[in-house]
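An overview of the molecular structure
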Amino acid sequence: MTDKSPSLLSVDQMSIRFGGLLAVSSMTFEVREGEVLSLIGPNGAGKTSAFNAITGYLQPSSGDVVYRGRKLNGLSPDAISRLGVVRSFQKTSLFGGLSAFENVLVGLHKRSTQTPLAIMLGLPRVKEDERRLEAAAREVLDFVGILPRAQEPAASLPYGEQRLLEVAIALAADPKLLLLDEPVSGMNPAEKASFVETISRIRERGITVLLVEHDMRTVMGASDRVICLNQGTIIADGTPEAIQRNKDVIKAYLGERSSHARH
Amino acid sequence: MMKYFPQAFLGLLVSVPFWLTDSYMLHILITTGIFIIAAMSLNLLLGYTGQLSLGHVAFFGIGAYGSALTSLGFEITLPGGIPLGVSPKPVWFAMLVGIVAAGFTGWAIGKLAFRVRGAYFVIVSISFAEVVRLVAVNWVELTQGPMALNNIPVLRLGWGSAEVAFLRKPAFYWLVLAVGTVCYIIISRLVSSRAGRAMIALRENEPLAMSVGVDVTRYLVLATIVSAAMAGSAGALYTHYIRIVDPDIFLFVYTVTMVIMVVTGGKGTLAGPIVGGVIFGLIPELLRTMAIKPEVQWIIYGVVMVLVVYFLPMGIVPALRNWRGGQQASSTAAASGPQMEGAGK
Ligand SMILES: Nc1ncnc2c1ncn2[C@@H]1O[C@H](COP(=O)(O)OP(=O)(O)OP(=O)(O)O)[C@@H](O)[C@H]1O
Ligand SMILES: [Mg+2]
């Protein structure tokens, strides 16, 4: 959590190009074990693109992503997830046709020991494993506070609870490093406030968090450290208080607002 | 009450040959049963992983040819003049060979199609079926081409006086029922397990499935292997029942029949292919026995199909389940809602 904590993930000189557009330019930063690090920046700054590159959904045009001394470049998203780097999506992403409970069961995939042959033979240990998973699913739903909704279709949950379910699915996947892409967008103020507390409980579980978020109250309340990205380049890195006072950061956000005004 | 419905239904099916003595009706039930097995296997891919295999009949045909050739024996000359001969093998063994051959082909297709989804999966599977059909037509030395493999032996199990020959219709009916039951049990176990959830996750939201560590390709390949092996078992049953097999077994229309059974019955449900299979397997035959002209038969078939698809787009089984769920909503709210697997549990 402090400067002395070992680095869990390091992004080194990473650039992401979409045709002629340089979405992320030589990005370099570290996520330290145990911290909550926020990545902020105006719309289009390249935050989601950075997430996609770290988690294998797109390949950076140059640069390295190293997790616990292991290069992630070139690995598939599911392989990266199995190493303990799990992400959520900016646009709500659920298994819409399934219940909340079943959504989390899918999330528990890695924690299950069932093999295809054992399943088809109907071995008793498969049943035991299922019962274990069901208990774990209830625990995770309870952790984010939507256990009473377990049997409801995911698609019919209120929006704020859908966002909590997404976090539950990611937590079920047993992350060491959890990347959350705008988790509170769509939540009401009360839900946002309690989510700040949820993040600190996630940290207490020994999970390191990298958070992308526009909601400044959430960022300031939840983070140990904040990085600000603008037009693909990191312009500031510091404590929440320092970032709030940083001139470049203020300018980046004001610039965005004035450009919006022009539209 | 619904809990024991599958068992009760199975009991009813077992009893059929005791009271249905009409040999032609039993014949229809046998062929329909074989197609239902094929439809169940297709449902594992189409209903659970969400991938449409429009070449599914290839697995059926490979099971049929594989079993027929192994039971008849053959002698061919491989390229380079190397002779390869296989002496006739017992039918039970031949059927296993057919099933394994189909499963192996499923594995190959699953691997080949490992990055293709949706429309591309459809194209790969169709092309594959066409290639296999052309092989069956042209490799005359092995398959007799359009002249067909004839006199395919009958399945015999047991020894001496305890030997059962699956020659008479009731015996064959029970054999089909047994194979179908095994397939049903395997599918129901799969879809309510970690493996089945991975397949459903692929259907529902592939990027999200990957984010939680599901190796989607692995489970797509698993589904293809199991599905192909089951389709192969249906083909093997078919070939030792009809006792003649020609390249027409690969006709596209058979795949279409399977798809119709799955879609109308309700894809992604355990009971769907059975319900759809019973309706669309029996309708043509029943119309025929009513001595209706063939054109009219097909028109009725088509109209029924369009009506089902139009009014029950999700299929008959999900519609029934919703209706039942609506009825019970006041008493037991917990039982309804979405389910990963069918009503059969
Ligand atoms: N797949 C893509 N193809 C082409 N351009 C893309 C693609 N994805 C993102 N971009 C562009 O890259 C830039 C960075 O986008 P990105 O989504 O990473 O921003 P962001 O910081 O997440 O923004 P927001 O806060 O709005 O979510 C934008 O200009 C965007 O239009
Ligand atoms: Mg974004």
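Here the structure is a predicted model, which is why all the values come from computation and not from measurement.

A look at the overall build of chain B
A tally of regular secondary structure across chain B gives 14 helices and four strands. For 345 residues, the compact-globule formula gives about 20 Å, and the C-alpha radius of gyration of chain B, at 21 Å, lands near that figure. Seen through its principal axes, chain B has C-alpha atoms that stretch 70 × 55 × 45 Å. When the 345 residues of chain B are sorted by exposure, 51% land in the buried category. Side-chain charges of chain B comprise 21 positive and 13 negative groups, with the mean position of each set lying 11 Å from the other.

A few points about the sheet that holds strand E3 (residues 36–40) of chain A
Residue and element names in this part refer to chain A. If you trace the six strands from one edge of the open sheet to the other, you get E6-E7-E8-E3-E9-E10, paired in mixed fashion. Strands with a single pairing partner mark the edges of an open sheet, and in this sheet they are strand E6 (85–87) and strand E10 (233–238). Ignoring strand direction, the axes of neighbouring strands in this sheet form an average angle of 15°. Relative to strand E8 (residues 208–212), strand E7 (residues 177–181) is paired through five bridges, and the arrangement is parallel. Each bridged residue has a counterpart across the sheet, and for Leu 180 the counterpart in E8 is Leu 211. Packing of helix H6 (residues 159–172) onto the sheet brings it into contact with E6 and E7, and relative to E7 it is tilted by some 160°.

A closer look at the coordination of the magnesium ion (ligand 2)
By definition of the ideal shapes, a tetrahedral metal site with four donors has angles of 109.5 degrees and an octahedral site with six donors has angles of 90 or 180 degrees. Residues and elements named next belong to chain A. Bound to the magnesium ion (ligand 2) on the protein side are Thr 48 (OG1) and Gln 90 (OE1), at distances that span 1.9 to 2.0 Å. A residue pair is termed long-range when its members are at least 10 positions apart, and Thr 48 in helix H1 (residues 47–54) and Gln 90 in the loop between E6 and helix H3 (100–107) qualify at 42 residues. For Thr 48, a relative accessible area of 25% corresponds to the partly exposed category. The exposure class assigned to Gln 90 is partly exposed, which follows from its relative accessible area of 36%.

Digging into the packing of aromatic side chains
Residue and element names in this part refer to chain B. Taken as a whole, this structure holds 12 aromatic pairs over all chains when the rule is applied. Summarising the aromatic geometry, the rings of Phe 35 and Tyr 254 are spaced 5.6 Å apart at their centres and angled 40° between planes, so their arrangement reads as tilted. One end of the pair, Phe 35, is in helix H2 (residues 23–49); the other, Tyr 254, is in helix H11 (residues 252–265), with 219 residues separating them in the sequence. Judged by its relative accessible area of 25%, Tyr 254 is partly exposed.

A word on the domain arrangement of chain A
Residues and elements named next belong to chain A. Examined at the domain level, chain A breaks down into domain 1 (1–84 + 175–263) and domain 2 (94–173). The gap between the C-alpha centroids of domain 1 and domain 2 is 27 Å. Listed by partner, the interface residues are 18 residues for domain 1 and 12 residues for domain 2. Across the domain 1-domain 2 interface, the total number found is one salt bridge. Notably, a salt bridge pairs Glu 139 with Arg 205, separated by 2.6 Å at the nearest N-O pair. At the junction of domain 1 with domain 2, the criterion picks out five residue pairs in polar contact (both at pLDDT 80 or more). Elements that contribute at least two residues to the side of domain 1 that touches domain 2 include exactly helix H2 (77–82), E7 and helix H7 (189–204). With five residues, the single largest contributor to the side of domain 1 that touches domain 2 is H7.

Cut-offs used in this document
Residues numbered from 1 in each chain as written. Chains lettered and ligands numbered in written order. Predicted model: local features only at pLDDT ≥ 70, side-chain atom pairs only at ≥ 80, totals over all residues. Heavy atoms only, no water. Helix = DSSP H or I, 4+ residues; strand = E, 2+ residues; numbered from the N terminus. Rg over C-alpha atoms; globule rule 2.2 N^0.38 Å. Buried < 20%, exposed > 50% of the residue type's maximum accessible area, 1.4 Å probe, protein only. Lys, Arg positive; Asp, Glu negative; His and termini not counted. Charge placed at Lys NZ, Arg CZ, Asp CG, Glu CD. Pairing = 2+ DSSP bridges. Axes fitted to C-alpha atoms, helices over the stretch in contact; angles between N-to-C directions. Contact = heavy atoms within 4.5 Å. Donors = N, O, S within 2.8 Å, 3.2 Å for Na, K, Ca; no water. Phe/Tyr/Trp six-rings, centres within 6.5 Å; stacked < 30°, edge-to-face > 60°. Domains from an automatic or database assignment. Salt bridge = Lys/Arg side-chain N within 4 Å of Asp/Glu carboxyl O. Polar contact = N/O pair within 3.5 Å; in protein donor to acceptor, adjacent residues only side chain to side chain.

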